[in-house]
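What follows is each chain in one-letter form.
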Amino acid sequence: VQLQAFGGGLVQAGGSLTLSCTISESITSINVITWYRQAPGKQRELVAGITSGGDTTYGDSVQGRFTISRENAKNTVLLQMYSLKPEDTAVYYCAANRKSSYAIYAMDYWGKGTQVTVSS
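Peer 1: Is there a simple way to think about the pattern of salt bridges in this case?
Peer 2: Pairs may arise between side chains of opposite charge once their charged atoms sit close together. Scanning all chains against the criterion turns up six salt bridges. Across the pair Glu45 and Arg37 runs a salt bridge, and its minimum N-O distance is 2.6 Å. What makes Arg37 buried here is its relative accessible area of 5%. Arg37 is the partner of Asp88 in a salt bridge, and the nearest nitrogen-oxygen pair spans 2.9 Å. One end of the pair, Asp88, is in the loop between strand 8 (76–81) and strand 9 (90–97); the other, Arg37, is in strand 4 (residues 32–38), with 51 residues separating them in the sequence. One continuous salt-bridge network, built from bridges that share partners, spans Arg37, Glu45, Arg65 and Asp88.

Here you go:
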């Protein structure tokens with residue numbers, strides 16, 4: 001399974017950006033798809049996750065600002081990011097597993113990251 005993340009870039013604080021993660025096989029066979037991010041000098045952290053049934057979870061710092069969704073017909077997961085802050089600056093990774101966990105250690109598949117930079 002290969003994952004590719006797209007959509008990173010430079011945006012001003014308060015702006016919005018949408019990331020997409022395309023998966024090489026039917027995402028209906030993948031139970032959990034997540035977005036993680038890693039800022040310089042910090043640990044990788046969960047941003048958002050979504051299950052095959054549509055259940056979602058969000059990190060505390062992005063709750064209410066970010067939305068994760070699945071487009072099954074396109075084998076794609078989107079991360080819509082609003083009201084961006086400089087502290088959202090990080091490399092964003094999509095990751096997936098066939099289990100039922102959002103935990104980083106449970107991820108079986110990782111895509112290359114895409115850089116998001118939010119200027120103040």
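Peer 1: Would you mind going over the sheet that holds strand 1 (residues 3–6) with me for this structure?
Peer 2: Strand pairing in a sheet is mediated by backbone hydrogen bonds. Such pairs are either parallel or antiparallel. Strand order in the open sheet formed by four strands is 1-3-8-7, and the pairing between neighbours is antiparallel. Both edges of this open sheet fall to strand 1 and strand 7 (66–71), since each of them pairs with a single strand only. Each neighbouring strand pair of the sheet contributes to a mean axis angle of 15°, computed without reference to strand direction. The pairing of strand 1 with strand 3 (residues 17–23) spans four bridges and is antiparallel. Residue pairing for strand 3: Leu3 is matched across the bridge by Ile23.

Analysis parameters
- Residues numbered from 1 in each chain as written.
- Predicted model: local features only at pLDDT ≥ 70, side-chain atom pairs only at ≥ 80, totals over all residues.
- Heavy atoms only, no water.
- Salt bridge = Lys/Arg side-chain N within 4 Å of Asp/Glu carboxyl O.
- Buried < 20%, exposed > 50% of the residue type's maximum accessible area, 1.4 Å probe, protein only.
- Helix = DSSP H or I, 4+ residues; strand = E, 2+ residues; numbered from the N terminus.
- Pairing = 2+ DSSP bridges.
- Axes fitted to C-alpha atoms, helices over the stretch in contact; angles between N-to-C directions.

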